[in-house]
Amino acid sequence: MIPLLSFCIWLYLFFAHGRFWLSSPELPPIQPSETPDVDIIVPARDEAETIGPVIASLLAQQYAGKFQVILVDDDSSDGTAEIARAAAASRGDSLRVICGARKPPGWSGKLWAVSEGVACAEAAVLLLADADIVHDPRHLATLVARLNSPRVDMVSEMVRLNCSSPAEKWLVPAFVYFFQMLYPFARVNDPNSTVAAAAGGTVLIRREALERIGGIESIKGALIDDVTLAKAVKQGGSIYLGHSGLAVSVRRYPRALDLWHMITRTAFTQLRYSVPLLALTLIGLALVWWVPLAAALFGTGWQRAGGLAAFTLAASSFVPTLRRYRQTPLRSLALPLIALFYMAATLGSTYNYWRGSGARWKNRDYGGPR
C-alpha cells in the first residue's frame, strides 16, 4: 500500500501541483511603456567580495526613467562601502551610501538595513536588491515592465544561483527545485490562490503596497523575509514570481558544508519551529523520495511497477531545473540522495535551534528557544 501511496502522491505533484517542475516563467528583456522613478536599495554587511561588480551593474541599468542606488552599509568591517564608492567612481556615477545605525532589538539585520534605505528613498517604486547579485543592463526595465503590465504590486525573481563548484552542481539545482515544489510559481502568480512567495534577492515593489502592509516594520523580525513580505502584500494585491535570465548571484558555495550552513540557517524557521510539522515533513519526504526507490529496487509485482512509475515521475520532474543550470539530466537519478542531504540539514537546523544557537548570519546570532 505504501508504494501505491507514493505513486498517487507523484501523480498529484506532477499533474496537479501547479506544474512546479517546469521551472518557469522567465521574463524576456523588454522596455516598459511607463517609466516611474525607482530607488534601488542594497543592504550590505561585509560584502567586500561581491559589492563592486554588483554596484557597477546596478548603475549601468538601461532604464529610461530616473533611478538611484542607495547602499545601506550595515556595520561592515571589511571596507564594503569604500569598495562600492570606488566602483561608482570608476564609472563616473554617483552612489548614495548610508551608514546604518545599530540594529534595534526585535529586528533582523537585513530588514533593519532595508528599512533605513526605504526611509531615505523618495521614489514610488523600490527595488530591494541583495549585495551578491549582478544585473544585466536590461534587468530594471524588464522588472518595471512586468510590474505595470499586467499590473501587480510586487515582482520578484529567482535569480540564477552560482553553480560552478562540484557541491553547487549537485545541490544548488535541487535547492531551486525544492523551492518551486514548496511554492509553485503558477499558484503564487494566481490572484485566486493563497500561495505566496518571493525570492529576496530581487524584489520590485510599489511604495503604496509597502505602506499598505505597514512598511518593513510589519515584518521586522522575519528571518524568511521574502516569503513573509510576499504573503503580506498578496493579502491585498497581486504579486509575480518567476525565474530570471537577467540576474545572477555571484555568492559562492564551494563546499557542501557552505550549503549546509545556508540551509540550516532557516530550515526549522520555515517549519515554524514545530516538531510535529518537522516529523510530518520528514515522513512526507521519505514517501516522495525513498519509498519509490526502495520499491523499484526491492519490491515485486505491482509494488515494483508502482515504485518505478513514481521514481520515473520524480526524476523527470527534476530535468527542467537541471537544464536551467546546464547540468546533465542524469543527475536526476541522484535526487533521493540529494534529498537526504536536505533532510539531514533540516534536522541540523532543528538541533541548532534547540541547543540555543538558532539562526546565524554575518556574525549575528538570532538565538534559539527562549
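Notes on the structure in this doc start here. It should be emphasised that the depicted structure is a prediction, and the values quoted were computed from it without experimental measurement.

### Some remarks on the side chain of Thr264
Then, in step 1: If you trace the backbone, Thr264 turns up in helix H10 (residues 256-264).
Then, in step 2: Residue class for Thr264 comes out buried when judged on its relative accessible area of 5%.
Then, in step 3: Separated by 3.2 Å, the side chain of Thr264 and the backbone oxygen of His261 make a polar contact.
Then, in step 4: Once residues within four sequence positions are removed from consideration, Thr264 is found in contact with Ala345, Gly348, Ser349 and Asn352.

### Overview of the sheet that holds strand S4 (residues 125-129)
Then, in step 1: In spatial order, the strands read S3-S2-S1-S4-S7-S6-S8-S5; together these eight strands make up an open sheet with mixed pairing. The sheet is open, and its two edges are formed by strand S3 (96-99) and strand S5 (133-135), each paired on a single side. Direction aside, the axes of adjacent strands within the sheet are offset by 30° on average.
Then, in step 2: Inspection of the sheet shows strand S2 (residues 67-73) paired to S3 by four bridges, in the parallel sense.

### Some details on the pairing of S4
Then, in step 1: Here S4 lies mainly inside the structure; five of its five residues are buried.
Then, in step 2: Residues of S4 alternate between two faces, with Val125, Leu127 and Ala129 on one and Leu126 and Leu128 on the opposite face, all of them buried.
Then, in step 3: Two elements, strand S1 (residues 38-44) and S4, share four bridges in a ladder whose sense is parallel. Counted as the bridge partner of Ile40 is Leu127 from S4.
Then, in step 4: The sheet contact formed by S4 and strand S7 (residues 202-206) spans five bridges and is antiparallel.

### Regarding the nonpolar core
Then, in step 1: Ranked by size, the top nonpolar core spans 77 residues in total, and within it Trp10, Met154, Tyr177, Ile205, Leu229 and Trp289 carry the most contacts.
Then, in step 2: If one sorts the elements of this core by residue count, helix H6 (residues 166-182) sits on top with nine residues.
Then, in step 3: If sequence neighbours within four positions are ignored, Tyr177 has contacts with Trp10, Phe20, Trp289, Ala314, Ser317, Phe318, Thr321 and Leu335.
Then, in step 4: Core analysis: the second largest hydrophobic core is formed by 31 residues, Val42, Ala44, Leu95 and Leu127 among them.

### Focus on unusual backbone geometry
Then, in step 1: Here the amide bond leading from Ser24 into Pro25 is cis, since omega sits at 5°, within 30 degrees of zero.
Then, in step 2: On the secondary structure map, Pro25 appears in the loop between helix H1 (2-16) and S1.
Then, in step 3: For the bond from Ser149 to Pro150, the omega torsion is -15°, close enough to zero to count as cis.
Then, in step 4: Here Pro150 lies in the loop between helix H5 (139-148) and strand S6 (154-160).
Then, in step 5: Backbone geometry places Arg19, a non-glycine residue, at a positive phi of 50°.

### Thoughts on helix H14 (residues 335-354)
Then, in step 1: Its 20 residues give H14 an end-to-end C-alpha distance of 29 Å, which sits within 8% of 28 Å, the value for a rise of 1.5 Å per residue.
Then, in step 2: Counting buried positions along H14 gives 14 out of 20 residues, so the element sits mostly inside the fold.

### Observations regarding the packing of H1 against helix H12 (residues 275-298)
Angle between the axes and distance between the axes are the two parameters that describe a pair of packed helices.
Then, in step 1: Put simply, H1 and H12 touch, their axes get as near as 9 Å, and they point 130° apart. Viewed along their axes, H1 and H12 adopt a mutual orientation that is oblique. The way H1 lies across H12 gives a crossing that is left-handed. Side by side, H1 and H12 meet where Ile2, Pro3, Leu5, Ser6, Ile9, Trp10 and Leu13 of the first sit next to Leu287, Val288, Trp289, Val291, Pro292 and Ala295 of the second.
Then, in step 2: Among the residues forming the contact of H1 with H12, the class breakdown is 12 nonpolar, one polar and no charged.

### A short note on the packing of aromatic side chains
Then, in step 1: With the rule as written, the count across this model stands at 19 aromatic pairs.
Then, in step 2: Seen from their ring centres, Phe341 and Tyr342 are 5.7 Å apart, and the 80° between their planes marks the pair as edge-to-face. Comparing Phe341 with Tyr342, the two get one shared label, buried.
Then, in step 3: Here Tyr353 and Trp354 contribute two aromatic rings whose centre-to-centre distance is 5.3 Å and whose plane-to-plane angle is 85°, an arrangement assigned as edge-to-face.
Then, in step 4: Take Tyr353: its relative accessible area is 14%, and that puts it in the buried class.
Then, in step 5: Within the aromatic cluster, the residues linked to one another by ring pairs are Trp10, Phe20, Tyr177, Phe178, Trp260, Trp289, Phe318, Phe341 and Tyr342.
Then, in step 6: In this arrangement the basic side chain of Arg160 is found over the ring face of Tyr325, its NZ or CZ atom lying 5.6 Å from the centre.

### Things to note about the pattern of salt bridges
Then, in step 1: With the rule as written, the count across this model stands at 11 salt bridges.
Then, in step 2: In this structure, the salt-bridge partner of Arg151 is Glu208, at a minimum N-O distance of 3.3 Å. Of the two residues, Arg151 sits in the loop between H5 and S6 while Glu208 sits in helix H8 (residues 207-212), which places them 57 residues apart along the sequence.
Then, in step 3: Sharing partners across several salt bridges, the network here consists of Arg151, Asp153, Glu208 and Arg212.

### Topic: the pairing of S2
Then, in step 1: Counting buried residues along S2, five of its seven residues qualify, which places the element largely inside the surrounding structure.
Then, in step 2: Sheet topology note: the S1/S2 ladder contains seven bridges and is parallel. Note that in S2 the partner of Asp39 across the bridge is Gln68.
Then, in step 3: Taken together, S1, helix H2 (residues 51-59) and S2 form a β-α-β motif whose crossover is right-handed.

### With respect to the side chain of Thr142
Then, in step 1: Here Thr142 lies in helix H5.
Then, in step 2: With relative accessibility at 2%, the residue Thr142 sits in the buried group.
Then, in step 3: Side-chain polar atoms of Thr142 contact the backbone nitrogen of Ile30, separated by 3.2 Å.

About the cut-offs
Residues numbered from 1 in each chain as written. Predicted model: local features only at pLDDT ≥ 70, side-chain atom pairs only at ≥ 80, totals over all residues. Heavy atoms only, no water. Helix = DSSP H or I, 4+ residues; strand = E, 2+ residues; numbered from the N terminus. Buried < 20%, exposed > 50% of the residue type's maximum accessible area, 1.4 Å probe, protein only. Polar contact = N/O pair within 3.5 Å; in protein donor to acceptor, adjacent residues only side chain to side chain. Contact = heavy atoms within 4.5 Å. Pairing = 2+ DSSP bridges. Axes fitted to C-alpha atoms, helices over the stretch in contact; angles between N-to-C directions. Core = buried A, V, L, I, M, F, W, Y, C linked by side-chain atoms within 4.5 Å. Expected span 1.5 Å × (residues − 1). Parallel < 35°, antiparallel > 145°, perpendicular 65-115°, else oblique. Left-handed = near helix turned anticlockwise from the far one by under 90°. Nonpolar A, V, L, I, M, F, W, Y, C, P; charged D, E, K, R; others polar. Phe/Tyr/Trp six-rings, centres within 6.5 Å; stacked < 30°, edge-to-face > 60°. Lys NZ or Arg CZ within 6 Å of the ring centre and 35° of its normal. Salt bridge = Lys/Arg side-chain N within 4 Å of Asp/Glu carboxyl O. Right-handed = clockwise from strand over helix to strand, strands pointing away.

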